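# Structural characterization, general
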Amino acid sequence: MKRTYNFLVLLAVLSAALFFGACRKDKIIEDHTIVYPVPVFIEAGVHGLVADETGAPVSNATVFLGTGQTQTDDNGFFQIKGLMNSEVPFVRVEKPGYFPSMASFSAKVGSTGRVKVTLRAKLPATQVNASSGGTVDIPGGGTVKFAAGGFMDASGQPYNGVVQVFATYLDPSKPGIDNLIPGGFLGRSASGENQMLTSFGMVHVLLETPAGQKLQINKPAEVTMPVPTDRLSNAPATIPLWYIDEATGYWKEEGSATLQGNVYVGSVTHFSWWNCDIGSDYIRLNGRVRIGSEHPYVILRVTQNSGLSATTTPDANGYFTGGVPANQTFLFEAINECGEVVYSTTLGPYSSETDIGIISISWTSDWINVAGSLVDCNMQPVTNGFVSFRTNGNQAAVFFPIAVDPVTGTFSGSVVNCGGTEVTLKAIDIDEQLASDPVTLPVSADVDFGQVTVCDNPVAFGMTLEFPNGTTKFIPITSATISADTVGNIYQFIANDVQGSGNGAQYTIAFLNWTGDPSNPIWGLSYQHTIFGAPVYYGFEVSSNNTQALALGTQPGEMVTFRLSNMILIEEPSGIHYAQCNVTISAILQ
């Protein structure tokens, strides 16, 4: 039995501060023109891990650095190079079903930064009618009140349909909040002052049509944000509001909120992240961290006398830089990937930019020095790859990968033990999309893995169905071809879902750019089912603006990846509809 469906879909075009946060000082501000420092851009790289709030890796997330972008792999790993603002280097990460996030890191010219990014899953949307507006409760605390007729689409035209409101509140007093804050806690006040922000509550609001198209407001909306109990006694009667500038990584001051009981109430003119903050001056602190001769991944945490803390991570050479409170002492700590504090000292006060030199963390049995080299199927060095590690001491710990030398394929570094007796390596060849077999050795001070062959295990390619409850279904792709049409190239995939007992479904899926213009594509999607026996299979219900071409190889051996987001999957034969699903199709052309 065959069933064929055709739809037109539009290609969706996707689009750090370090240590702390604060607000304006009380003083009279004279009218003047704000002149911001001219940003100094450097060329550097960053590699990192993207995970959800449980620590599970997030694959197929889009990572933006400047004008470039890349995707996370099955391990949530990414690496990218590009131009970045040396004052606030940051990456922005997006994936359908999650709130977008930003994360800052330390970088120098020619260096490789390291960063972990946490994505927070979207909760089910609350719907309001654009014509009448209304008040929406924010999960976690607070509300947002929309004016009647107060919405517009991405082109600035009034919108009068159903609005899906995705919102979340972040309590800045909760542990681990630093991993969820976009960018960091550095901002620029309305008068142009660089500030460190001390948060009294923040919200993130996204507005979409039922088809997933972005919306904004064209009339002010009223937002309320609860003040954490431990900060209520220090909460000022009026506090500035700040929003994250996704182009620079800084928070920018715009408007204010007033304290009404235990909540702040303010008016905003657009939506992204909004933060209630007071601030203080800061200075930039620079230095390097090492353990013996290595520079393992650690989290550096600065805690003010008020108890507020924020974090950053050093680059692959141990270099770090970030804002710390000016003219006061603060606690400076290094934390390993098992969550243990491995270094602690009090620093400051500093009144100007300071380089504290090298911080040497004592080497103990909690650390393992690892070394080895990677070779491909032809016994040649793997020059674009990485190795990841696990120990049996703390299965929950996610160790930061170590990149290989781009010429020799060798690797060396230190990883934390977490009390284990065995350490396991897995290597990835990025260019060939191959993985090694796991290699497990006993823990010792120095573990030499020798020569590791990355040859026999393809990194999984196929069709992945992602459901809103977090479950996924993977269907292997057995064929990926490209053919020419009078309009443009047709990409065709065949995926076979073998379910046993003679039951199965074969999916034949094709994409065509109807415009023939790569810079302005309109993607047509067709798919066909061939059913064997009585399987469970899925139909696609798509709409505009939800198909994205992430990789478009044109020759055999090149990768092709399409991403369909915010769509409906229809389970057959039950007929159950699953909304807000995603489908990723990735394969190597044959």
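Our structure is the block above this text.
About the criteria used
Residues numbered from 1 in each chain as written. Predicted model: local features only at pLDDT ≥ 70, side-chain atom pairs only at ≥ 80, totals over all residues. Heavy atoms only, no water. Salt bridge = Lys/Arg side-chain N within 4 Å of Asp/Glu carboxyl O. Buried < 20%, exposed > 50% of the residue type's maximum accessible area, 1.4 Å probe, protein only. Helix = DSSP H or I, 4+ residues; strand = E, 2+ residues; numbered from the N terminus. Pairing = 2+ DSSP bridges. Axes fitted to C-alpha atoms, helices over the stretch in contact; angles between N-to-C directions. Phe/Tyr/Trp six-rings, centres within 6.5 Å; stacked < 30°, edge-to-face > 60°. Core = buried A, V, L, I, M, F, W, Y, C linked by side-chain atoms within 4.5 Å. Contact = heavy atoms within 4.5 Å. Disulfide = S-S within 2.5 Å. Polar contact = N/O pair within 3.5 Å; in protein donor to acceptor, adjacent residues only side chain to side chain.

### A closer look at the pattern of salt bridges
Counting across every chain of the model gives 9 salt bridges. Notably, a salt bridge pairs Asp-230 with Arg-231, separated by 3.9 Å at the nearest N-O pair. A relative accessible area of 12% means that Arg-231 is categorised as buried. A salt bridge links Asp-497 to Lys-473; the nearest nitrogen and oxygen atoms lie 3.2 Å apart. Taken together, the positions of Asp-497 in strand β41 (residues 489–500) and Lys-473 in strand β40 (residues 472–484) put the pair 24 residues apart, joining distant regions of the chain.

### Considerations on the sheet that holds strand β30 (residues 367–375)
Across the sheet, which stays open at both edges, the 3 strands sit in the order β33-β30-β37 with mixed pairing between neighbours. Of all the strands in the sheet, the pair left with one neighbour each is β33 (410–416) and β37 (446–453). Within this sheet the neighbouring strands show an average axis-to-axis angle of 20°, counted without direction. By the bridge criterion, 7 bridges tie β30 to β33 in an arrangement that is antiparallel. When the bridges of β33 are listed, Asn-369 appears paired with Ser-414.

### A closer look at the pairing of strand β12 (residues 143–146)
Here β12 shows one buried face, formed by Val-144 and Phe-146, and one open face, formed by Thr-143 and Lys-145. Relative to β12, strand β11 (residues 134–137) runs antiparallel, the two being bridged by 4 bridges. Looking at β12, one finds that Thr-135 is bridged to Lys-145. Here β11 folds back onto β12 in antiparallel fashion, the turn holding 5 residues, of which Gly-140 has a positive phi close to 95°.

### A word on the packing of aromatic side chains
Under the counting rule described, the total for this entry stands at 17 aromatic pairs. Look at Phe-320 and Phe-332: their rings are 5.7 Å apart centre to centre, the planes differ by 35°, and that puts the pair in the tilted class. Within this pair, whereas Phe-320 is found in strand β26 (residues 319–325), its partner Phe-332 is found in strand β27 (residues 330–335), the two being separated by 12 residues in sequence. Take Phe-320 and Phe-332: they sit in the same class, and that class is buried.

### Some thoughts on the sheet that holds β27
Read across the open sheet, the 4 strands follow the order β25-β24-β27-β28; overall the sheet is antiparallel. In this open sheet, the two strands that pair with only one neighbour each are β25 (309–312) and β28 (341–347). This sheet shows a mean twist of 20° between the axes of neighbouring strands, independent of strand direction. Where β27 lies against β28, 6 bridges are found, and the strand directions are antiparallel. Opposite Phe-330, over in β28, you have Leu-347 as the bridge partner.

### Remarks on the nonpolar core
Phe-332, Leu-374, Phe-389, Phe-411 and Phe-449 are the most contacted members of the largest nonpolar core, which has 40 residues in total. Here this core gets 4 residues from one element, more than from any other, and that element is β30. In this structure, Leu-374 is in contact with Gln-380, Pro-381, Val-382, Phe-386, Val-387, Val-404, Gly-409, Phe-411, Ala-427, Ile-428, Val-452 and Val-454, ignoring residues within four places of it in sequence. Counting residues in each nonpolar core, the second largest holds 32 residues, with Tyr-159, Ile-217, Ala-235 and Tyr-243 among its members.

### Things to note about unusual backbone geometry
Geometrically, the link from Gly-348 to Pro-349 is a cis peptide bond, its omega value of 0° lying close to zero. Looking at where Pro-349 falls in the secondary structure, it is placed in the loop between β28 and β29 (354–360). Residues Glu-572 and Pro-573 are joined by a peptide bond in cis, for which omega reads 10°. Within the secondary structure, Pro-573 sits in the loop between β46 (559–572) and β47 (576–588). Not every positive phi belongs to a glycine, and Asn-60 is a case in point at roughly 55°. Its place among the elements puts Asn-60 in the loop between β2 (41–52) and β3 (62–65). Look at Cys-418: it is not a glycine, yet its phi comes out positive at around 60°.

### A short note on the state of the cysteines
On inspection of all chains with the given rule, the structure shows 2 disulfides. The disulfide partner of Cys-338 is Cys-418, and the gap between their sulfur atoms is 1.5 Å. Between Cys-338 and Cys-418, the S-S torsion sits near -85°, and that sign places the bridge as left-handed. Of this pair, Cys-338 sits in the loop between β27 and β28 while Cys-418 is found in the loop between β33 and β34 (422–429), placing the two residues 80 residues apart along the sequence. As far as the burial class goes, Cys-338 and Cys-418 line up, both buried. Between the sulfur atoms of Cys-377 and its disulfide mate Cys-455 the distance is 2.0 Å. Classification of the bridge connecting Cys-377 and Cys-455 rests on its S-S torsion, roughly 115°, and on that basis the disulfide is right-handed. Of the two residues, Cys-377 sits in the loop between β30 and β31 (385–391) while Cys-455 sits in the loop between β37 and β38 (457–458), which places them 78 residues apart along the sequence. A relative accessible area of 42% places Cys-377 in the partly exposed class.

### Looking at the side chain of Asn-275
Within the secondary structure, Asn-275 is located in strand β22 (residues 273–280). Looking at Asn-275, its side chain comes within polar contact range of the side chain of Ser-199, at 2.7 Å. Here Asn-275 is in contact with Phe-185, Ser-199, Gly-201, Met-202, Met-225, Pro-240, Leu-241, Trp-242 and Trp-251, once residues within four sequence places are set aside.

### Some thoughts on the environment of Phe-400
Tracing the sequence through the fold places Phe-400 in the loop between β31 and β32 (402–403). Phe-400 sits 285 residues away from Val-115 along the chain, and the two C-alpha atoms are 8.9 Å apart. The residues contacting Phe-400, other than those within four sequence positions of it, are His-47, Gly-48, Leu-49, Arg-114, Val-115, Lys-116, Tyr-297 and Glu-337.

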